[in-house]
Each structure stands twice: as structure tokens, then as C-alpha cells.
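# Survey of secondary and tertiary structure
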Amino acid sequence: MLNPQLNSNGELQHLLALRDLPKDIILHILDTATSFVSLSDREVKKVPLLRGKSVFNLFFENSTRTRTTFEIAAKRLSADVINLNIAASSTSKGETLLDTVDNLTSMNADMFVVRHSQSGAPFLIAKHINDHKRHHLHVVNAGDGRHAHPTQGLLDMYTIRHYKKDFTNLKVAIVGDVVHSRVARSDIHALKTLGVPEIRTIGPATLLASGLSELGVRQFTNMEEGLKDVDVIIMLRVQNERINSALLPTTQEFFKSYGLTAERLALAKPDAIVMHPGPINRGVEIDSAVADGSQAVILSQVTFGIAVRMAVMSILAGN
Ligand code: CP
């Protein structure tokens, strides 16, 4: 099957998932983001690369970081940005996702940034666009269900490269609710593509994902063993709605076994970095002393997210 993200010339048409995204495209996005990071030091942060283009933010699920940084990124590229208020839109009257997209296309949309609780929703839109040969339109997946969060994966790769320089000598641990995590999946695919030799997932057996061992991922149910000598720790949000279900004990029990404390962080390499896609749950998956400590790069991830999203949108628009 053709890769629906690429056009017939092998160029990026949509950004839907990091699985099957060629390494040269990932590196091109990271390199382009580097040039945009330097913009943030300038008094005038805008460039005209998307002047005259309309970017529609379609967030069918809540977001703080992704929605806001996409908006900032599009504005810094001089695009017109429209944030559709889903709750007040005709979706609530039963309009289908594709009918909404067709109507917005008729308003001369150029790009859709889509977050949806249903895995596959951005793929559905991209397929609809491809089937109708609307090659000027682009879809960016801003997180779909438990499937993929490609721009989070890319900003995580940017952050790792910024602090660690080389992917090919790293041990990376991903900790917590792996099975429900679109971030974990996107990170694992990108880490594999970029040549990280050791990827570990750590969590209770009920929250580890099957099928990852085929990708060479090592699974640990013991936090202390899993953290030993790692260079990068990616903590995942424990979804509170799952606490006290059959999958998870109480918040306190989870923290006791899998919370990242200063004592546990000391088991990793001394220069290990601590990442988290946010929102963080202090005292559930991460202790405040670690979240606010010198090894945490969580807020840098957010800042890099603007440049990475600028890179994605400018490459999609053909710049
Ligand atoms: N990391 C992330 O996707 O955060 P938001 O849900 O706030 O966008």
C-alpha cells in the first residue's frame, strides 16, 4: 500500500504518524526546526512562509500545549489561523467529520490540524482529500486516540538530539501507561528510525503494550531495573480515569512502584534527562522535586514544540 503521508514524488503531503516515515524526512524536519529555534531570539519572530494560507485547528479533544503551539507556529509563519470551536460547531448537530472538512475546504482551507479521540480520524480526512485529488490540502495529526502523536514524537526527538547530540549510543526508557499512549508509540517508531540501540518500556504488566518486543523494545515491570544506566527517561501521564480500575491500583500504590523520585532518578546515568509530554500529574507519575529539578527538560520540550511545528507546516506547504 502507498504511504498516504507522501505524494507521488515521495514528499510529505500529510503528517499522520511516525511509523513508516523515512529517516531523511524526520531529519529534514529536525534540521528545519533548528533554523526556527534561532528565530525565537529575534525581536521580530515572524517569517512569511505561509502568508496567504489558512490553517484550521480542529481539536475534538482537549489540549493546552499542542493547540496553542500550533497556533503560535502558524502565526509565526504568517498564516491565517482559525480555531474551530468544536463545542459550538455543527458537529453538535450531527454533521459528519468529512462534511465539516468539505465545508471548511470550501472556505479555502490549506491545512487542517486535527486532534480526535478516535484513532484514525486524521487518516480518514487525509484519505478523503487524496481520493478527491485535493493535492493543495494538508492534514497534520495532532493526536488521535491511542494511535499516534507525531509532532509530539518529533519534538521529543528534537529535545533528545539537542541534549544528547547522537541517537546511536543511547538507552531510552519510557515509563508508565504505555498501552494507552499515542506519545509512546510515536516516540518508539522515531527512536527506532533514528537508530537508538536500546529502548525500554517500564510499567505494571497491565499497562505495558504487546507487540513492542517485535520492534526490539525491552519491557520491565520493575522500575529500578528498567531505569538502570539510561540516558533519557520519558515519563507518561497516568490517565487518572484509569486509576482504581482493574488496570491500576490507587494513585499512591502507583507512585510507590513507578513514580519518578530523586532516588530512582539516581539509578540512571548522572547526566540523564527527564522528559514528559504533559500534562504532568505531580505525585502520581513524577515527584515535584524531579519535575522541577535540574535534569528535567519538560518545559524545553514545549518551547521546541513551536519550532518543530513551524518546520512541519512549512515543509508541508512546500517551503
Ligand atoms: N503533550 C500534549 O499533547 O499536551 P496537550 O494535550 O496539552 O496538547
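Attention here is on the structure that accompanies the text. What you see is a predicted model, and the numbers here were worked out from it, not measured in a lab. (Residues numbered from 1 in each chain as written. Predicted model: local features only at pLDDT ≥ 70, side-chain atom pairs only at ≥ 80, totals over all residues. Heavy atoms only, no water.)

## Side note on empty space enclosed by the protein
If you roll a probe as big as a water molecule over the atoms, it shows you where there is empty space left. Counted under the stated rule, the structure contains 1 cavity of 30 Å³ or more. One number sums up the size of the largest cavity: a volume of about 70 Å³. Forming the boundary of the largest cavity are Arg65, Thr69, Gln152, Leu155, His276, Pro277, Ile298, Gln301, Val302 and Arg309. Taken together, the elements giving at least two residues each to the lining of the largest cavity come down to α2 (65–76), α5 (150–164) and α11 (298–316). Considering each element in turn, the lining of the largest cavity owes the most residues, 4 residues, to α11. Split by residue class, the lining of the largest cavity holds 4 nonpolar, 4 polar and 2 charged. When residues of the lining of the largest cavity are sorted by domain, at least three fall in each of domain 1 (23–148 + 305–317) and domain 2 (150–301). (1 Å grid on protein atoms, 1.4 Å probe; cavity = no way out; pocket = protein on both sides within 12 Å on 5 of 7 lines; lining within 4 Å. Points joined across faces, edges and corners; volume = space filled by probe spheres on them. Helix = DSSP H or I, 4+ residues; strand = E, 2+ residues; numbered from the N terminus. Nonpolar A, V, L, I, M, F, W, Y, C, P; charged D, E, K, R; others polar. Domains from an automatic or database assignment.)

## Points about the site of the ligand
All residues in the neighbourhood of the ligand are listed as Ser63, Thr64, Arg65, Thr66, Arg115, His149, Gln152, Pro277 and Gly278. Computed on the free molecule, the ligand has an accessible area of 250 Å², of which 91% lies beneath the protein chains in the complex. Structurally, the ligand is housed in the largest pocket. Partitioned by chemical class, the residues of the shell around the ligand number 1 nonpolar, 6 polar and 2 charged. Each of domain 1 (23–148 + 305–317) and domain 2 (150–301) accounts for three or more of the residues forming the shell around the ligand. (Near = heavy atom within 4 Å. Areas by Shrake-Rupley, 256 points an atom, 1.4 Å probe, with all protein chains shown as cover. Sits in = over half its atoms within 2 Å of the grid points.)

## Digging into the pairing of strand β4 (residues 138–144)
The element β4 is extensively covered by neighbouring structure, given that 7 of its 7 residues are classed as buried. The sheet contact formed by strand β3 (residues 111–116) and β4 spans 5 bridges and is parallel. Across the sheet, the residue bridging to Val113 is Val140, located in β4. On the question of chirality, the crossover connecting β3 to the parallel β4 by way of helix α4 (residues 121–131) is right-handed. (Buried < 20%, exposed > 50% of the residue type's maximum accessible area, 1.4 Å probe, protein only. Pairing = 2+ DSSP bridges. Right-handed = clockwise from strand over helix to strand, strands pointing away.)

Keep in mind these numbers describe shape, not what the thing actually does.
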